[in-house]
Amino acid sequence: MARPALCFLTFFSALLAGTVESPNFEGFLDRAGCDTVIGWAVDRNRPGSPVLVDILVDGVYATTAATGASRDDVAAYLGSTFRPAGFAVSIPALRAGGSHVVSARFREGGQALYPPVRESPPCVAQGRVESVSCTEVRGWVYPGDAPAMAVAVAVDGLEFVAFGGAGEPRPDLTFLPAGRRDVGFRFALPSGYQDGQRHSVRVTTFGNPTLDETIVTPVCPRIWEGHVDSASCDALGGMQASGWVADRSKPNTPVSVQWELRQAGGAVSGPELASLPRPDVGAHLGDDGRHGFRLRFGISASELRLFYPNSSNPLFSSVTMARCPSSGTHVAAITGSCQTLSGWAADRNRPNVPLRIRVFVDSKEIATVVADQPRPDLQGFLRDNGNHGLTYTVPWQGLGEHVFGLIDADTGTPLPGSGAPVAACPTVEHYLDSYSCQSLSGWAADRTQPNVAVGVRVVVDGTLRESITADRDRPDVAAYLGDNGKHGYSWSLPQPLRDNRFHTYEFTADGAPTRRVSFVCGP
């Protein structure tokens, strides 16, 4: 018990003799983060002795930290006796609100550590939807102390139409750290929602409740228009429908109608190009009117639904109808175009067995093909492996309308859909042969008008840039078409489009498919 008294007497004697030195503090405030404040502190006159440091947040005392953590860097700087000089202390207040000003000072004497203050970053994720129009959604989302945050956009609660990260520079968000302002987002809304209606747009941070806002768009001017004119059962127990669909922003350009057949066992769906001549539609829209469709399906269903392209919005007057009478055990949904037969066919009495199909064009047999391509969408519908898909390039003869027939080669049974007409092949051929950062070139010609040059429209990023004439000499085209071959064109890429950004180039000749490419060019 005498040892403490002896120590006190020794210290008191040293004090009277003037040998106890005043503190010689030195320290550094390394970092103020979302969870901890880190730094080091020493008393040069008392190596290895603990030092107390008061931490202030926004000028208000928060806690006191004691040194004791090993810091090799401090030992290298001051000497090995100062190794236990580090401190790290958790301060929950740093997570409240935005950024905070943090300072530290020695408990004894109140001397400030260097630097006098550190600013902690905003730790809580935050964001805002700034605008929703008929064409795009804009806003920003800051992930706080998370590395990144994904944004999802849904329309009318039906589907996600956009998904991605927030990475656009936003220098105007000055309340965020200077190095972390690439937090803006901008997502385009599918044009199918420009239908003269208001739509509910919900923007969320995927997997995180930071941002969840729903905003109703203004009335969006209609660019899609279409109508289901008729739908009925056919003599073979299938279904047929006709109508038209068009994009008002792209006159003279056929678009696809999306179809879906619903049945008790499941549903099948797919796109179909609407390009049949419709003079009445042309008079209504003021273009060439090639927007009609005629669909025929070799299966019965309780509901036929038709949608605008890439949209869940139905065409006006989509049809619900009574189930068509069954035509037997064979089921099929095969449609013909100018170039192909595509779809699927199966026999319910032979699950997992691909059908061998005899193909007739205008009553003339031209081939036997096998419907064995994988179709996962049919597995639940047919209750088998679903390998019943078919795609066949048909060597149509001439340019007029044709009729195709399909017969099960093993049983001789005509398949549903046989006898369906196929629209006439386009008379205009158009190809984009090559493209580079200097020019894009190709050719276009109307087979019904030999030696006559046709016009080609150049559209960049959806905007008409120029109309040119395909009249350059192309000997290869002359040999192919049997005329003078003056059907080539070439378009030089303007300097403003060489800006290291993606651009989409579309070349359109009336009556022929649009040719489209997208690429990036530098200056």
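Look up: the structure comes first, before these words.
Residues numbered from 1 in each chain as written. Predicted model: local features only at pLDDT ≥ 70, side-chain atom pairs only at ≥ 80, totals over all residues. Heavy atoms only, no water.

### With respect to the sheet that holds strand E4 (residues 60-66)
Move 1: Spatially, four strands are ordered E4-E3-E6-E7 in an open sheet, and the strand pairing comes out antiparallel. One side of each edge strand has no neighbouring strand; the edge strands of this open sheet are E4 and strand E7 (118-120). For this sheet, the mean inter-axis angle between neighbouring strands, taken without regard to orientation, is 30°.
Move 2: Of the strand pairs in this sheet, strand E6 (residues 100-106) and E7 are connected by three bridges, and their pairing is antiparallel. Bridge pairing in E7 links Val 102 to Arg 118. (Pairing = 2+ DSSP bridges. Helix = DSSP H or I, 4+ residues; strand = E, 2+ residues; numbered from the N terminus. Axes fitted to C-alpha atoms, helices over the stretch in contact; angles between N-to-C directions.)

### Structural notes on the state of the cysteines
Move 1: Evaluation of the coordinates by the stated rule reveals three disulfides.
Move 2: Disulfide partner of Cys 134: Cys 220, at an S-S distance of 2.3 Å. Residues Cys 134 and Cys 220 are joined by a disulfide whose S-S torsion is about -95°; by sign, that bridge is left-handed. Here Cys 134 is found in the loop between strand E8 (126-132) and strand E9 (136-142), whereas its partner Cys 220 is found in the loop between strand E14 (208-216) and strand E15 (224-233), with 86 residues between them in sequence.
Move 3: Between the sulfur of Cys 437 and that of Cys 521 lies a disulfide, 1.9 Å long from S to S. Disulfide Cys 437-Cys 521: the torsion about the S-S bond is -95°, which places it as left-handed. Separated by 84 residues along the polypeptide, Cys 437 in the loop between strand E31 (428-435) and strand E32 (439-446) and Cys 521 in the segment after strand E38 (515-520) bring together distant segments of the chain.
Move 4: We classify Cys 437 as partly exposed; its relative accessible area is 25%.
Move 5: We classify Cys 521 as buried; its relative accessible area is 2%. (Disulfide = S-S within 2.5 Å. Buried < 20%, exposed > 50% of the residue type's maximum accessible area, 1.4 Å probe, protein only.)

### Re the packing of aromatic side chains
Move 1: Summed over all chains, the structure comprises 13 aromatic pairs.
Move 2: Measuring from centroid to centroid gives 6.2 Å for Trp 224 and Tyr 308, while their planes differ by 40°, and the two rings are tilted. With Trp 224 in strand E15 and Tyr 308 in the loop between strand E21 (303-307) and strand E22 (319-320), the pair connects residues that are 84 residues apart, well separated along the chain.
Move 3: With relative accessibility at 5%, the residue Trp 224 sits in the buried group. (Phe/Tyr/Trp six-rings, centres within 6.5 Å; stacked < 30°, edge-to-face > 60°.)

### As for the pairing of strand E24 (residues 340-347)
Move 1: Most of E24 sits inside the fold, with six of its eight residues counted as buried.
Move 2: In terms of strand pairing, strand E23 (residues 330-336) meets E24 through seven bridges, oriented antiparallel. Paired with Thr 335 across the two strands is Ser 342, which belongs to E24.
Move 3: Inspection of the sheet shows E24 paired to strand E28 (residues 387-393) by five bridges, in the antiparallel sense. Its bridge partner lying in E28, Gly 343 is registered against Leu 390.

### Quick notes on the sheet that holds strand E2 (residues 36-43)
Move 1: Spatial ordering of the open sheet is given by E1-E2-E5, a layout of three strands whose pairing is antiparallel. On the outer flanks of this sheet lie strand E1 (25-32) and strand E5 (86-90), each paired with one strand and no other. Sheet twist, expressed as the mean angle between neighbouring strand axes with direction ignored, is 20°.

### Description of the side chain of Ser 120
Move 1: Tracing the backbone through its elements, the reader meets Ser 120 in strand E7.
Move 2: A relative accessible area of 1% means that Ser 120 is categorised as buried.
Move 3: Contact partners of Ser 120, with chain neighbours within four places excluded, come to Ala 32, Gly 33, Leu 94, Ser 99 and His 100. (Contact = heavy atoms within 4.5 Å.)

### So, the pairing of E2
Move 1: Most of E2 is tucked away, with six of its eight residues classed as buried.
Move 2: Where E1 lies against E2, seven bridges are found, and the strand directions are antiparallel. Following the sheet pairing, Ala 32 is matched in E2 by Val 37.
Move 3: Between E1 and E2, which follow one another and run antiparallel, lie three residues.
Move 4: When E2 meets E5, the two strands line up antiparallel, connected through five bridges. The partner of Thr 36 across the bridge, within E5, is Ser 90.

### Notes on the nonpolar core
Move 1: Counting residues in hydrophobic clusters, the biggest one holds 21 residues, and the most contacted among them are Leu 440, Val 456, Tyr 489, Trp 491, Leu 493, Tyr 505 and Phe 507.
Move 2: Listed by contribution, the elements that provide at least two residues to this core are E31, E32, strand E33 (454-460), strand E34 (463-470), strand E36 (486-492), strand E37 (502-508) and E38.
Move 3: Counting residues per element, this core draws most heavily on E33, at four residues. (Core = buried A, V, L, I, M, F, W, Y, C linked by side-chain atoms within 4.5 Å.)

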